[in-house]
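Observations on the three-dimensional arrangement
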Amino acid sequence: MIRVLGIESSCDETSVAIVTDNKNIIAHEIYSQIEVHRPFGGVVPEVAARSHMDYLDNMISRIMAQTKLTYNDIDAIAVTAGPGLIGGVIVGVMYAKAIAAASYKPIIAVNHLEGHALTVRLTNEVDFPFLLMLVSGGHCQLLIVYNVGKYKILGSTMDDAAVECFDKVAKMLGLGYPGGQVIEQRAKKGNHNRFKFPKPLSDRPGCDFSFSGLKAAVKRQVDEIRELTEEDINDICASLQHTISEVLQSRMINAFKIHAGETPEVKTIVLAGGVAANQYIRDKLTLSAKEHGFDFVAPPINLCGDNAAMIAWAGIERYKLGLTDNINFVPRSRWSLDQL
Ligand code: KG4
Ligand code: ZN
């Protein structure tokens, strides 16, 4: 059995996990820094890095104690090496390197986005190749995943990520930070037909995304109403969430068309990243995928956000292919999946 220790610290979650190659998460801790950043209305990189430093050491000791494992029982250390907020990435990488060096274990520099991409292979049975819609904090992309480390980007956002719409609109509406979850909750009580927001690019071919026009349109609407009632807020949330889901759906259908020529054997679409936790979007895309003859798969909600189990799992996938890294690898703030 292969056991890998995973470490994640690229944004505002500090997380450690031990995962086995038979798909068992034997230990997992996630510490969310949301409360630390909330007063600032967003993640403050320097504060995030310090907080990772404060927590990581104890969290690693705790899961080792919990599982009664020693580093002799661990086959490799996997750590997010980017992309992300560089201070936090450096903190995780330094811990991982120290453990790897002291215990003579191989280290695996995991691309955080590959962690999101491969999570469904930990929690479900998903074979390569598959289509991937990655909707995370900083990314909104459609890709073909041919194999571990082999990605082709079909389209990306030309401006903001979808998350930006959730987070910035939540701020505009006084709903605090982060926006996704609270908008989903408020949307349940709202009427998604009340406001007709634009769906940027959705009548065009291709898989690129654009969200800045949508964000601006919501801002205009909010300014126009001025004194928002609770009902207005619920309706704006519902209309925004609905519009985002329609944009994602239109891009996904275009990806089906592109793939038909390229990889007709692909019959699975995977949704991953923080926004995959949104049940409304999951339901809408599931239906639409089914209509086009595709299976829709998303990780369980608790593994959609940032976590170390996905990093440990990506580490296992790489380790099994002999893809370990030299300990001198450099942490990276930017790192596209097609550069792997
Ligand atoms: O992938 P992720 O955990 O972080 C990065 O890799 O950057 O994504 C975090 C984002 C948050 O900004 C949050 O607003 C969004 O995912 N999110 C959601 C939901 N839960 C989290 N967005 C929409 N609906 C949700 N239920
Ligand atoms: Zn992420």
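This report concerns the structure included in the present document. This structure is a prediction, so every number in the text was calculated from the model and none was measured. (Residues numbered from 1 in each chain as written. Chains lettered and ligands numbered in written order. Predicted model: local features only at pLDDT ≥ 70, side-chain atom pairs only at ≥ 80, totals over all residues. Heavy atoms only, no water.)

Structural notes on the layout of surface pockets
This is how the line gets drawn: Put simply, the grid is 1 Å and covers the protein atoms alone, a cavity is a trapped set of points that fit a 1.4 Å probe, a pocket is an open set with protein on both sides within 12 Å along at least five of seven lines, and lining residues have an atom within 4 Å of a point. Grid points are joined across faces, edges and corners, and a volume is the space filled by probe spheres set on the points. The helix count covers DSSP runs of H or I at least four residues long, the strand count covers runs of E at least two residues long, and both are numbered beginning at the N terminus. In this classification, Asp, Glu, Lys and Arg are treated as charged, Ala, Val, Leu, Ile, Met, Phe, Trp, Tyr, Cys and Pro as nonpolar, and every other residue, Gly included, as polar.
Each pocket or cavity is described by its volume, and for the largest pocket that value is around 1,400 Å³. In this structure, the largest pocket is lined by 42 residues; those nearest its centre are Asp12, Gly137, Val163, Asp167 and Pro178. Elements with a contribution of two residues or more to the lining of the largest pocket: β3 (25-32), α4 (112-123), α5 (162-172) and α6 (180-187). With six residues, α5 is the single largest residue contributor to the lining of the largest pocket. Each residue belonging to the lining of the largest pocket can be placed in one class, and the counts come to 15 nonpolar, 19 polar and eight charged.

Side note on the nonpolar core
Applied cut-off: Joining through side-chain atoms within 4.5 Å is the link that ties buried Ala, Val, Leu, Ile, Met, Phe, Trp, Tyr and Cys residues into a set, and such a set is a nonpolar core. When accessible area is computed with a 1.4 Å probe and restricted to protein chains, residues below 20% of their type maximum are described as buried, those above 50% as exposed, and intermediate ones as partly exposed. Note on definitions: a residue-residue contact is assigned when non-hydrogen atoms from the two residues lie within 4.5 Å.
By size, the foremost hydrophobic cluster in this structure holds 49 residues, and its most contacted members are Leu131, Met133, Phe211, Ile244, Leu248, Ile269 and Leu271. Listing elements by their share of this core, those giving two or more residues are β6 (130-135), β7 (140-147), α5, α6, α7 (212-225), α8 (230-262), β9 (268-272) and α9 (279-291). The element contributing the most residues to this core is α8, with 11 residues. Contact partners of Leu131, with chain neighbours within four places excluded, come to Leu143, Ile144, Leu154, Ala255, Phe256, His259, Val266, Thr268, Ile269, Val270 and Phe294.

Some thoughts on the environment of Pro39
Positionally, Pro39 belongs in the loop between α1 (34-37) and α2 (45-67). Sequence separation between Pro39 and Gly213 is 174 residues; the distance between their C-alpha atoms is 27 Å.

Description of the site of ligand 1
Put simply, the rule reads: Each residue is tested against the molecule or strand, and it is near if at least one of its non-hydrogen atoms lies within 4 Å. Think of a polar contact as two N or O atoms within 3.5 Å of one another; within protein, one of them needs to be a possible hydrogen donor and the other a possible acceptor, and neighboring residues in sequence only count if both atoms come from side chains. Molecule-in-pocket calls rest on the fraction of atoms, with more than half required to lie within 2 Å of the cavity or pocket grid points.
What surrounds ligand 1 is a group of 20 residues, the closest being Gly137, Asp167, Glu184, Gly274 and Asn278. One nitrogen or oxygen atom from the side chain of His116 is found 3.3 Å from an oxygen atom belonging to ligand 1. Here a nitrogen atom of ligand 1 and a side-chain polar atom of Glu184 are 2.7 Å apart. For ligand 1, the cavity whose grid points lie within 2 Å of the majority of its atoms is the largest pocket.

Let's talk about the packing of aromatic side chains
Cut-off, in case you're wondering: Paired rings are identified among Phe, Tyr and Trp, the last through its six-membered ring, by centres lying within 6.5 Å, and are further divided according to the angle between planes into stacked (under 30 degrees), edge-to-face (over 60) and tilted (the rest). Definition used: whenever NZ (Lys) or CZ (Arg) falls within 6 Å of the ring centre and also within 35 degrees of the ring normal, the charge is taken to sit over that ring.
Within the structure shown, the criterion is met by five aromatic pairs. On the numbers, 6.2 Å between centres and 15° between planes, the contact of Phe209 with Phe211 is stacked. For Phe209, a relative accessible area of 0% gives the class buried. Taking relative accessible area as the criterion, Phe211 reaches 0% and is therefore assigned buried. Judged by centre distance (3.9 Å) and plane angle (15°), the ring pair of Phe256 and Phe294 falls under stacked. Of this pair, Phe256 sits in helix α8 while Phe294 sits in the loop between α9 and β10 (295-297), and the two are 38 residues apart along the sequence. Each member of the pair, Phe256 as well as Phe294, carries the same accessibility label: buried. The cationic tip of Lys97 hangs over the ring face of Phe329; the distance from NZ or CZ to the ring centre is 4.5 Å.

So, α6
What counts is decided by this rule: It is the directions from the helix axis to the C-beta atoms whose arc is reported.
Of all the positions in α6, only Ile183, Glu184, Arg186 and Ala187 are classed as buried. On an axial view of α6, the arc spanned by its buried residues comes to 170°, and they lie on one face. Of the surrounding secondary structure, the elements contacted by the buried residues of α6 are α5, α8 and α9.

Comments concerning the pattern of salt bridges
Two side chains of opposite charge can pair, provided their charged atoms sit close to one another. Definition in use: A pairing counts as a salt bridge when a side-chain nitrogen of Lys or Arg comes within 4 Å of a carboxyl oxygen of Asp or Glu.
What the rule picks out here adds up to 15 salt bridges. In this structure, the salt-bridge partner of Glu29 is Arg62, at a minimum N-O distance of 2.7 Å. Within this pair, whereas Glu29 is found in strand β3, its partner Arg62 is found in helix α2, the two being separated by 33 residues in sequence. A relative accessible area of 15% places Glu29 in the buried class. One salt bridge in this structure joins Arg38 and Glu35, with 2.6 Å as the shortest N-O distance. Judged by its relative accessible area of 38%, Arg38 falls in the partly exposed class. One network of salt bridges, with partners in common, ties together Asp160, Glu164, Lys168 and Lys215.

Focus: the side chain of Asn307
Tracing the backbone shows Asn307 in the loop between β10 and α10 (308-320). Here the side chain of Asn307 touches Leu303 through a polar contact of 3.3 Å, landing on its backbone oxygen. A polar atom in the side chain of Asn307 sits 2.9 Å from the backbone oxygen of Gly305. In contact with Asn307, other than residues within four places in its own chain, are Glu8, Ser15, His28 and Ile30.

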